[in-house]
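Per-entry structural report
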Amino acid sequence: MLFPDYIFETSWEVCNKVGGIYTVLSTRAKTLQDKMKDRVIFLGPDCWHEKSNPFFIEDKKLFPAWKDNAAKQGIFVKTGRWNIPGQPVAILVDYQGAYARKNELYGSLWQLYQVDSLHAYGDYDESAMFAYATAKVVESFYKFFLDDTKQVVFHANEWQTGFAALILQQLLPQVASVFTTHATCIGRSIAGNNKPLYDFLWAYNGDQMASELNMQSKHSIEKQTAHNVDCFTTVSDITAHECQELLDKPVDIVLPNGFENDFVPKGAAFTKKRKAARKRLLDIANALMGTDISDDALIVSTSGRYEFRNKGIDVFIEAMNRLNYDGNLKKDVVAFIEVPGWAGEPRKDLLGRLESGKHFDTPLETPMLTHWLNNMSDDNVMNLFRNLNIRNSHDDKVKIIFIPCYLIGDDGIVNLPYYDMVLGNDLCVYPSYYEPWGYTPLEATAFKVPCITTDLAGFGLWANGVKGGGSEIEDGVKVVHRTDYNYCDVADDIKNTIAAYSSFPKAKVAKCRSNAEKLSKKALWSKFIRYYEKAYHIALTHKNERMNHI
């Protein structure tokens, strides 16, 4: 098999933690770095500017001669290492200067590839400028250090960097291109606009839906990149089907998302962190609601991006509300929604209670919210709380709390990073309607937390495949069947699973936790990197064929 001498990989989330793609790249990086020894180079946006970037370790002594040469060409970068396991080489790209050539770039992309930038809005311009600047950085680096004797792969992730892959085909046709869409723009938009995606996927025309949903430009760059790169990939079979239907292009290979568990604490350290997380979460619950909550209460959570329907936040709240009235529930439940909303400041009244160290027997105002929101009256979570009359009353067996901020350890209330918090859970629930892969359940299982997900998530389908049938909570992951129309059945399945789990004896709970951890180890990058090796081979093979016709 052909294998590259150098890999350049780019994403808006290199050294820039925004969502799941950061996890994909940052956990895979060590496996590639071990194999390639600084010949894998990640390129991300210099969006922190002069502020300190906690994800990037600058090294001004890295490639100094090239940087000076690039600066003479108007190309400005910061060199260093990504602050993750393996510490691979990272280049942060200053893309502000690219705006001067925006119209020229868009005209060229239309002439060469029929990329429609006419309807661009929002983050389209910024993404295009970053990607254009990234292509120029790779061209400059290649011409300074490399030549045609080297096998080189350029890997672009998501539509934001598709521009770079197409531009590089013109600048450096001898570089093989890989493009990974982690979710199609139009598929996510169809789902997010409450349209039934799956039953009618065969009938949707991607171009027509892009026009209807005002997504023409993003859909256009994604589609044209998929059609023109040397290897087109996605992350799961469910999204591969979506690509074929909405982008009119079958993927060349599916690249399932792996994981590294080297940051999961072991032994006594795990026990200590789990105890600390549970104490913090239960202290927050008492300070908010003024009710006694037993130490053996079930702590349940959901988390991820604030996509109310796509991530299943709506059905999670519905399930918790139904669980409150279920006679089979044997323990109290404290359920947390950990998704970043439009958060204002941490609640001073709550913070005061937490800092006092006292125990409270009266609730605060709005005892289901840790941070005030800038849109209290039209936030989706708060509105559903009101519609279902969820008040966290003293007699409710299920209490539900919304933590509407990024959990990186400095939110002012929880003050724990997400990974130090998630291991405090007894169960995690991710009932996604649209989820190409689903890192949150994989992360949970790595921390020995059994979880509930759906078969509309790539991870859920994978878990079913490992089981060879429907995966149950006893296997570490309960995979709920979900369709366009069975919202109520999904809520009941979640409710019933948690109610049953509440009566499990300790030995059975321990077995569930052990099976969750075992399942996560089957998704380590050491198991999944072979799919990337095949993708590089496909890209280099197609590049060679393409070059023979130039």
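What comes next is a walk through the structure. (Residues numbered from 1 in each chain as written. Predicted model: local features only at pLDDT ≥ 70, side-chain atom pairs only at ≥ 80, totals over all residues. Heavy atoms only, no water.)

**Comments concerning a nonpolar patch on the surface**
- Among the surface-exposed residues, F200, W202 and Y485 lie close enough to one another that they form a single nonpolar patch of about 410 Å² accessible area.
- Along the chain, F200 turns up in the loop between helix 6 (185-192) and helix 7 (206-212).
- Exposure remark for F200: the relative accessible area of 37% places this residue in the partly exposed category. (Patch = residues over 30% accessible without salt bridge, like charges linked within 9 Å, V, L, I, M, F, W, Y side chains within 5 Å. Areas by Shrake-Rupley, 256 points an atom, 1.4 Å probe, with all protein chains shown as cover. Salt bridge = Lys/Arg side-chain N within 4 Å of Asp/Glu carboxyl O. Helix = DSSP H or I, 4+ residues; strand = E, 2+ residues; numbered from the N terminus. Buried < 20%, exposed > 50% of the residue type's maximum accessible area, 1.4 Å probe, protein only.)

**Quick look at helix 15 (residues 439-446)**
- The buried count for helix 15 comes to 8 of 8 residues, which makes it a mostly enclosed element.
- At the exit of helix 15 stands K448, carrying a positive phi of roughly 65°.

**Structural notes on the pairing of strand 11 (residues 333-338)**
- Of all 6 residues in strand 11, 6 are buried; the element is thus mostly enclosed.
- Side-chain alternation along strand 11 places V333, A335 and I337 on one buried face and V334, F336 and E338 on a second face that is also buried.
- Note: strand 10 (residues 298-303) against strand 11, 6 bridges, orientation parallel. Following the sheet pairing, T302 is matched in strand 11 by I337.
- Running through helix 11 (residues 313-323), the crossover from strand 10 to the neighbouring parallel element strand 11 is right-handed.
- Relative to strand 14 (residues 398-402), strand 11 runs parallel, the two being bridged by 5 bridges. The partner of V334 across the bridge, within strand 14, is K399. (Pairing = 2+ DSSP bridges. Right-handed = clockwise from strand over helix to strand, strands pointing away.)

**Thoughts on the packing of helix 11 against helix 17 (residues 487-501)**
- Running from N to C, helix 11 and helix 17 cross one another at 55°; their axes reach a closest spacing of 8 Å. In terms of orientation, helix 11 lies oblique with respect to helix 17. Helix-helix and strand crossings are classified by hand; for helix 11 and helix 17 the assignment is right-handed. Residues D314, V315, E318, A319, M320, R322 and L323 of helix 11 pack against Y487, C488, V490, A491, D492, I494, K495, I498 and A499 of helix 17. (Axes fitted to C-alpha atoms, helices over the stretch in contact; angles between N-to-C directions. Parallel < 35°, antiparallel > 145°, perpendicular 65-115°, else oblique. Left-handed = near helix turned anticlockwise from the far one by under 90°. Contact = heavy atoms within 4.5 Å.)

**Some words on the environment of K478**
- Summarising the element assignment, K478 is placed in strand 17 (residues 477-480).
- Each C-alpha atom of the pair K478 and G107 lies 50 Å from the other, and the pair is 371 residues apart in sequence.
- In this structure, K478 is in contact with C451, I452, T453, S471, E472, I473 and T497, ignoring residues within four places of it in sequence.
- In this structure the side chain of K478 is engaged in a polar contact, spanning 2.9 Å, whose partner is the side chain of E472. (Polar contact = N/O pair within 3.5 Å; in protein donor to acceptor, adjacent residues only side chain to side chain.)

**As for the environment of M376**
- The residue M376 is located in the loop between strand 13 (371-373) and helix 13 (380-387) in this model.
- A residue is classified by how much of its surface remains accessible, and M376, at 24% relative accessible area, is partly exposed.
- For the pair M376 and V137, spaced 239 residues apart in the sequence, the C-alpha separation amounts to 44 Å.
- Excluding its chain neighbours within four sequence positions, the residues that come into contact with M376 are L369, M382 and R386.

**Quick word on helix 12 (residues 348-356)**
- Among the residues making up helix 12, those that are buried are L350, R353 and L354. Relative to the axis of helix 12, the buried residues are bounded by an arc of 100° and lie together on one face. In this structure, helix 12 carries K348 and E355 as exposed residues pointing more than 90 degrees from its buried face.
- Just past helix 12, the residue G357 takes up positive phi, approximately 75°. (Arc of directions from axis to C-beta.)

**Remarks on the sheet that holds strand 7 (residues 176-181)**
- Pairing is mixed across the open sheet formed by 9 strands, whose spatial order is 3-4-5-2-1-6-7-8-9. Single-partner strands in this sheet number two, and they are strand 3 (56-58) and strand 9 (253-254).
- Lying over the sheet, helix 19 (residues 525-547) contacts strand 1 (6-10), strand 6 (152-157), strand 7, strand 8 (231-234) and strand 9, oriented at roughly 135° with respect to strand 7.

**Let's talk about the packing of aromatic side chains**
- Tallied over the entire structure, the rule returns 34 aromatic pairs.
- When the centroid spacing of 5.8 Å and the interplanar angle of 55° are considered together, the rings of Y106 and Y124 count as tilted. Of this pair, Y106 sits in helix 3 (residues 102-113) while Y124 sits in helix 4 (residues 124-145), placing them 18 residues apart in sequence. Take Y106 and Y124: they sit in the same class, and that class is buried.
- Grouping aromatic residues by their ring pairs yields a cluster made of F8, F63, W66, F141, F144 and F145.
- The side chain of K35 reaches across the aromatic face of F3, ending 5.1 Å from its centre.
- A cation over a ring is seen here: R309 above Y433, with NZ or CZ 3.9 Å from the ring centre. (Phe/Tyr/Trp six-rings, centres within 6.5 Å; stacked < 30°, edge-to-face > 60°. Lys NZ or Arg CZ within 6 Å of the ring centre and 35° of its normal.)

The analysis is restricted to geometry; functional conclusions fall outside its scope.
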